[in-house]
Amino acid sequence: MNKQAPDSTKSVFRRAFLIYLLSGIFAVFIVAKIIRIQFVEGDELRSEALNLSVKYIDIKARRGNIYACDGSLLATSVPRFDVHMDLSRSTISEHLFAENVDSLARCLSEFFDDHSYEEYLTRLKREREEENRYLLIGRNMDYFDLMEVREFPIFNKGQYKGGFIVEQKDRRETPFNMLARRTIGFVREDYYVGIEGAYDSLLRGTDGKRLMKRVSGNVWLPVDDQADIRPEDGRDIVTTIDIHLQDVAETALYEHLQTHEADHGCVVLMEVNTGEIKAIANLQRLEDGSYYETYNYAIGESFEPGSSFKLMSMIVGLEDKKFSLDDMVATGNGKIKYANQTMSDSHEGGFGTITIRQAFEYSSNVGISKIILKAYGNNPAAFIKGLYKMGIHKPLGIEIKGEGMPFIKSPDNNTWSQVTLPWMSIGYELRLTPMQILAFYNAVANDGRLMKPMFVKEVQYAGQTVKTFEPVVLNPAIASKSTIEQAQSLLEGVVQRGTAKNLNKAIFPIAGKTATALIAKSGGYKIDGADYNASFVGYFPANDPQYSCIVVVNKPTKGKYYGGSVAAPVFLEIAEKVYATNLEMRQRDTLSRIDVKPASIFSKAKVVTFLYRALGITDLSVNTESENDYVRILQYGDSVASGTPSFDGGRIPDVRGMTAPDAIVVLESAGLEVEISGKGRVSRMIPSQGTPVRNGMRVKLILR
């Protein structure tokens with residue numbers, strides 16, 4: 001018995017010692033952990049704890065606006081609001097909810113008109129039971145709608161008593177809708193399009209920061225306005241786009257694409273001296289037959305240009321003095337075979353033997369290919385060198401992303417063949433974009449100076465200009481002055497005598513080139529069921545170029561497919577409307593057209609004197625007793641003579657050549673009644689002048 005007691009006591013002590021030992025080890029571990037937390041991990045853990053109750057949120061900067069050259073708004077950020085509702089009992093009291101939920105449901109049903117009053121009521125009560133703290137009420141509401149909804153029952157108590165949560169976000173809008181849509185562009189995640197994408201770093205500004213603190217109910221409130229890092233709003237971009245010319249270009253293109261049921265098309269209007277893009281339209285046919293801007297074909301689509309490239313071929317040959325425009329070329333019956341491929345002219349039966357100038361004006365494939373092959377057949381590298389010298393193998397380097405790469409094949413290319421040179425000379429086996437073609441033709445209009453297409457004129461901030469963009473010259477002279485002058489005469493001849501004679505009806509001279517290019521299918525060109533690119537590129541007025549323009553119509557399907565009949569009319573419509581709305585151009589053109597040779601006139605002496613003095617004719621002597629006396633000026637060769645007409649009171653005065661108001665005064669003074677037909681000056685009188693006057697006699701004046 002006594003022997004067992006010590007053993008029992010030892011066992012208890014061992015157990016107690018073990019417990020104390022483990023407790024001591026655990027205590028040491030806790031102390032060590034406390035020391036580590038306090039002195040090693042303390043700063044990090046304190047920061048994490050702070051982040052659970054305090055955080056910075058971004059304050060979005062206002063994105064800059066995009067303007068047309070006249071200040072019209074092309075793109076702007078408009079505030080839109082999403083509204084949510086906190087239905088928790090900690091926010092909205094039971095009494096407030098019970099008293100007003102019916103009224104709120106009715107207001108929401110009437111305002112949004114998407115669900116019945118009963119459906120809204122059921123939904124609000126269900127979400128209340130589930131303590132939904134973020135129930136969506138409405139998206140993309142404008143400011144005025146927001147102000148109306150804010151006054152609904154319960155919502156009018158605000159966020160902390162009525163659970164009314166408002167989130168603002170900016171939505172990018174284009175006031176002119178489709179006009180220049182792809183050129184204005186957009187930014188979506190990492191997808192940058194048009195001017196919006198090219199100048200995103202300037203437009204987006206710099207976001208700010210706001211320090212927020214979490215309070216009860218998981219609600220975040222600003223800590224202090226002084227802690228905010230204020231955002232810096234984006235810069236505004238002023239483009240070169242003229243919204244009126246843009247409307248003209250887009251409307252003309254739209255109507256003609258519909259007429260020909262084409263797949264797509266584009267128009268670019270450029271200012272000759274500066275390279276400023278005044279209008280750019282790109283339209284794609286949709287399944288319903290309408291057209292919309294889905295892709296910037298003018299900038300991004302490289303294609304075989306066809307006959308518009310003949311100008312480049314001619315300039316290379318003229319610059320190298322390989323031929324002159326008066327040299328003759330035999331086009332035969334309009335067909336020629338190169339290796340195993342037959343090239344044809346569009347004119348059935350060919351043109352026979354014609355000058356090189358005529359070959360260009362008539363757009364003879366046979367004629368142009370023969371003269372280039374004769375000049376460079378033994379050394380095609382020299383032809384390619386001439387093209388490269390003009391710089392057409394390089395992209396224009398425009399700021400808008402997506403420019404198609406030009407492709408000008410060289411003899412060391414593994415696809416070069418016996419037929420490459422003649423086909424290249426007429427615009428095949430190479431690729432250019434409409435913008436690149438236009439820039440070249442613009443250089444010809446600009447006396448050889450190649451300009452970089454320009455889309456943006458200024459950067460502004462708070463209405464003040466902070467940066468101005470100047471025109472950029474890519475090549476000061478693509479060819480010599482004499483070659484450029486010959487190229488200009490060729491383009492004028494196309495309109496005067498060649499494939500674009502239908503543009504001759506314009507009241508101002510036009511220069512340009514038609515093109516009708518077969519679109520390759522399955523690696524070849526098939527005439528049966530062929531698709532075409534019809535285009536016209538040129539400038540106006542030809543005698544004083546102000547604007548250059550290119551029109552491309554892809555795959556017209558209503559029978560017509562030549563550039564002269566499909567694309568040239570679009571060019572003419574745009575050019576005439578530009579001319580009609582441009583007062584400076586009309587004044588310049590009028591002054592260049594005024595013929596100061598003497599001409600017949602019949603008016604008051606003071607009017608005659610003023611008019612002839614304005615025309616620089618100072619040797620005219622007008623002798624009358626009064627400046628209000630009528631004077632008839634008659635032309636004799638290159639001189640003029642004045643005379644004072646005598647009005648015999650017994651006969652009808654001769655008022656031919658007078659304006660209608662003057663003629664009426666003279667005739668009514670003679671006791672005659674007057675009837676007028678037409679506009680302009682008096683051309684004919686019924687009864688004729690010199691007829692005896694009778695009481696109540698009526699005279700009809702025919703004006704023109």
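Everything discussed here concerns the structure shown above.
Residues numbered from 1 in each chain as written. Predicted model: local features only at pLDDT ≥ 70, side-chain atom pairs only at ≥ 80, totals over all residues. Heavy atoms only, no water.

A. Local environment of the nonpolar core. Core analysis: the biggest nonpolar cluster contains 130 residues, and Leu 387, Phe 440 and Phe 455 have the highest contact counts within it. With 9 residues, helix α17 (residues 434-445) is the largest single contributor of residues to this core. With sequence-adjacent residues up to four places away left out, Phe 440 is seen in contact with Leu 311, Met 312, Ile 315, Met 390, Ile 392, Leu 450 and Ile 478. Counting residues in hydrophobic clusters, the runner-up holds 24 residues, among them Leu 96, Leu 146, Phe 155 and Phe 164. (Core = buried A, V, L, I, M, F, W, Y, C linked by side-chain atoms within 4.5 Å. Buried < 20%, exposed > 50% of the residue type's maximum accessible area, 1.4 Å probe, protein only. Helix = DSSP H or I, 4+ residues; strand = E, 2+ residues; numbered from the N terminus. Contact = heavy atoms within 4.5 Å.)

B. Examining the side chain of Ser 548 more closely. In this structure, Ser 548 sits in strand β26 (residues 547-554). Within the structure, Ser 548 has its side chain in polar contact with the side chain of Asn 442 (distance 2.7 Å). Look past the residues within four positions of Ser 548 in its chain and what remains in contact with it is Val 268, Leu 269, Met 270, Val 272, Leu 438, Asn 442, Gly 538 and Tyr 539. (Polar contact = N/O pair within 3.5 Å; in protein donor to acceptor, adjacent residues only side chain to side chain.)

C. Region of interest: a negative patch on the surface. On the surface, Asp 113, Asp 114, Glu 118 and Glu 119 cluster together to form a negatively charged patch. Inspection of the secondary structure puts Glu 119 in helix α4 (residues 117-129). On the accessibility criterion, Glu 119 (46% relative accessible area) is partly exposed. (Patch = residues over 30% accessible without salt bridge, like charges linked within 9 Å, V, L, I, M, F, W, Y side chains within 5 Å. Areas by Shrake-Rupley, 256 points an atom, 1.4 Å probe, with all protein chains shown as cover. Salt bridge = Lys/Arg side-chain N within 4 Å of Asp/Glu carboxyl O. Lys, Arg positive; Asp, Glu negative; His and termini not counted. Charge placed at Lys NZ, Arg CZ, Asp CG, Glu CD.)

D. How the structure looks around the sheet that holds strand β32 (residues 698-703). Here we have 3 strands laid out as an open sheet, ordered β30-β32-β31, and mixed in their pairing. The two strands at the open ends of the sheet, each matched to only one other strand, are β30 (673-678) and β31 (682-686). Put simply, the sheet's adjacent strands are angled 25° from each other on average, direction ignored. Relative to β32, β30 runs parallel, the two being bridged by 6 bridges. Following the sheet pairing, Ser 677 is matched in β32 by Ile 702. Relative to the sheet, helix α23 (residues 660-669) contacts β30, β31 and β32, its axis offset from that of β30 by approximately 160°. (Pairing = 2+ DSSP bridges. Axes fitted to C-alpha atoms, helices over the stretch in contact; angles between N-to-C directions.)

E. Geometry of the sheet that holds β26. Spatial strand order, β13-β12-β11-β26-β25-β24: 6 strands in an open sheet with antiparallel pairing. The sheet terminates laterally at β13 (291-292) and β24 (511-518), the two strands that pair on one side only. Taken together, the 8 bridges between strand β11 (residues 264-271) and β26 define a ladder with antiparallel strand orientation. Residue pairing across strands places Cys 266 opposite Val 552, the latter belonging to β26.

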